[in-house]
Amino acid sequence: MKRFFAIILFAALCGFASAQSIYERFYEALQNDDSAGIASTIGEMRASGDQSAERYIAEYNYYVTKALLYSGMVTTTEYPDASVHVNGDIYTMSDSTGETAGYMYFAEEWDDAMADSGIAVIAKGIGLHPDRLDMHYGKIHFLRQLRRWNDYADAIHSTLDYVSKHRKTLVFPDGGAPIDTILIEGILDYERDLFGAIQDAPDSMTFVSRMGLLRGIAEHMLRIYPDDVYSMNIMAVTYQLVKDRENTLKWLLKAEKVNPNDVIVLNNIADTYHMLGDKKNERKYLQKMIKYGDEETVEKAKQYLEELDNNKQ
């Protein structure tokens, strides 16, 4: 499934450089960073009274482009705090003695007022065209870039609330897959992003709060797709994060019942039994990994079995 790695791709993926020359001119101006052309075409759209999805996506992209003040590598002696929009890993730099000399990471800086305007525009567009799943996803992705995790989770829940009643009418232009696949895989990607934010949480309160957001999304998905193994696995992850092995195992075993050959689930079950000190069941699930896994999985499971045998009491 295609991910929205940059907001401008949101429009390009959806094919909105349509026969209407105003949109062709807008996206050409946007691509060429032509401020006068952008302002002119946006003004035409607003004056025309156009209420199409194309108009709202174009105006949304206008605000998102204006909102991005900086995007690039940052080198600093201070570890970035929660206010910094870090994308990806934070690399530690050492001096000649091996001591920490600084940090390097990819960061973005946003104009909050412009970002808010973009969110308001796409929200209005979604209100007029709620069946456009691509528009829902565009809003969610932008909130992820802004690291507004509570709003991010709210946007996902709002999307799922609509999906639960109108799944058959949803559309995703140029999606290239059935709508259920786009929905399940898309939400899984967003859950992974939130999992990354949990790992980066600056304190225990934030950690617990973000974990609750992740669990809530997985629970919501399971109300729509009760047999979704991905969401069951996410539920298990949220309990694993707080070392609640009993509930971790409960959700993983549910997932196994739905898909007994899912090697990710089998691996997670084996790992949970390992942490519980249950060597008998750990061995059982490592053997299942060997039975159902690909070459890499089989090799890994055999290695774990060997370690288990070498550590016999």
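Procedures and definitions
- Residues numbered from 1 in each chain as written.
- Predicted model: local features only at pLDDT ≥ 70, side-chain atom pairs only at ≥ 80, totals over all residues.
- Heavy atoms only, no water.
- Core = buried A, V, L, I, M, F, W, Y, C linked by side-chain atoms within 4.5 Å.
- Buried < 20%, exposed > 50% of the residue type's maximum accessible area, 1.4 Å probe, protein only.
- Helix = DSSP H or I, 4+ residues; strand = E, 2+ residues; numbered from the N terminus.
- Phe/Tyr/Trp six-rings, centres within 6.5 Å; stacked < 30°, edge-to-face > 60°.
- Pairing = 2+ DSSP bridges.
- Axes fitted to C-alpha atoms, helices over the stretch in contact; angles between N-to-C directions.
- Contact = heavy atoms within 4.5 Å.
- Lys, Arg positive; Asp, Glu negative; His and termini not counted.
- Salt bridge = Lys/Arg side-chain N within 4 Å of Asp/Glu carboxyl O.
- Polar contact = N/O pair within 3.5 Å; in protein donor to acceptor, adjacent residues only side chain to side chain.
- Patch = residues over 30% accessible without salt bridge, like charges linked within 9 Å, V, L, I, M, F, W, Y side chains within 5 Å.
- Areas by Shrake-Rupley, 256 points an atom, 1.4 Å probe, with all protein chains shown as cover.
- Charge placed at Lys NZ, Arg CZ, Asp CG, Glu CD.
- Parallel < 35°, antiparallel > 145°, perpendicular 65-115°, else oblique.
- Left-handed = near helix turned anticlockwise from the far one by under 90°.
- Nonpolar A, V, L, I, M, F, W, Y, C, P; charged D, E, K, R; others polar.

(A) Representation of the nonpolar core. Counting residues in each nonpolar core, the largest one holds 81 residues, and the members touching the most others are Phe26, Tyr137 and Ile187. For this core, the element with the most residues is helix α8 (residues 179–199), which contributes ten residues.

(B) Expanded view of the packing of aromatic side chains. Enumeration according to the criterion identifies ten aromatic pairs in this entry. Considering the side-chain rings of Phe26 and Tyr27, the 4.8 Å spacing of their centres and the 75° angle between planes classify their relative orientation as edge-to-face. In this structure Tyr27 comes out as buried when scored by relative accessible area, which is 11%. With 6.0 Å between their ring centres and 65° between their planes, Tyr137 and Phe172 make a pair best called edge-to-face. Highlighted residues: Tyr137 in helix α6 (residues 133–146) and Phe172 in the loop between α7 (149–166) and α8, separated in sequence by 35 residues.

(C) Layout of the sheet that holds strand β1 (residues 68–76). Strand order in this open sheet of three strands is β1-β3-β2, and the pairing throughout is antiparallel. The outermost strands of the open sheet, each flanked by one partner alone, are β1 and β2 (85–94). Direction aside, neighbouring strands of the sheet carry axes that sit 10° apart on average. Inspection of the sheet shows β1 paired to strand β3 (residues 100–110) by eight bridges, in the antiparallel sense. In the sheet register, Thr76 faces β3, and the bridge partner there is Tyr103. The strands touched by helix α4 (residues 53–67) within the sheet are β1 and β3, with β1 carrying the most contacts at an inclination of about 35°. Seen against the sheet, α6 touches β2 and β3 and runs at an angle of roughly 145° to β3.

(D) Structural view of the side chain of Arg215. On the secondary structure map, Arg215 appears in helix α9 (residues 204–224). Buried charge without a partner: Arg215 forms no salt bridge, and the closest opposite charge is Glu219, 5.4 Å away. Side-chain polar atoms of Arg215 contact the side chain of Thr238, separated by 2.9 Å. Ignoring any residue separated from it by four or fewer positions in sequence, one finds Arg215 in contact with Met235, Thr238 and Tyr239.

(E) Summary view of a nonpolar patch on the surface. Together, Met73, Tyr91, Met104 and Phe106 line one region of the surface with nonpolar side chains, adding up to about 360 Å² of accessible area. If you trace the backbone, Phe106 turns up in strand β3. In this structure Phe106 comes out as partly exposed when scored by relative accessible area, which is 31%.

(F) Local environment of the pairing of β3. As paired strands, β2 and β3 are joined by seven bridges and run antiparallel to one another. In the strand pairing of β3, Ser94 is matched with Thr100. Two successive antiparallel strands, β2 and β3, enclose a turn made up of five residues, where Gly98 displays a positive phi of approximately 90°.

(G) Region of interest: a negative patch on the surface. A surface patch of like charges, here negative, comprises Glu24, Glu28, Asp33 and Asp34. On the basis of relative accessibility, which here comes to 34%, the residue Asp34 falls in the partly exposed class.

(H) Structural detail: the packing of α8 against helix α10 (residues 229–240). For the pair α8 and α10, the least separation of the axes is 11 Å and the interaxial angle reads 15°. Considered as vectors, α8 and α10 are oriented roughly parallel to each other. Crossing angle aside, the handedness with which α8 passes α10 is left-handed. Touching Ile184, Leu188, Glu191 and Phe195 of α8 are Tyr230, Ile234 and Val237, all from α10. The residue inventory of the contact of α8 with α10, partitioned by class, reads six nonpolar, no polar and one charged.

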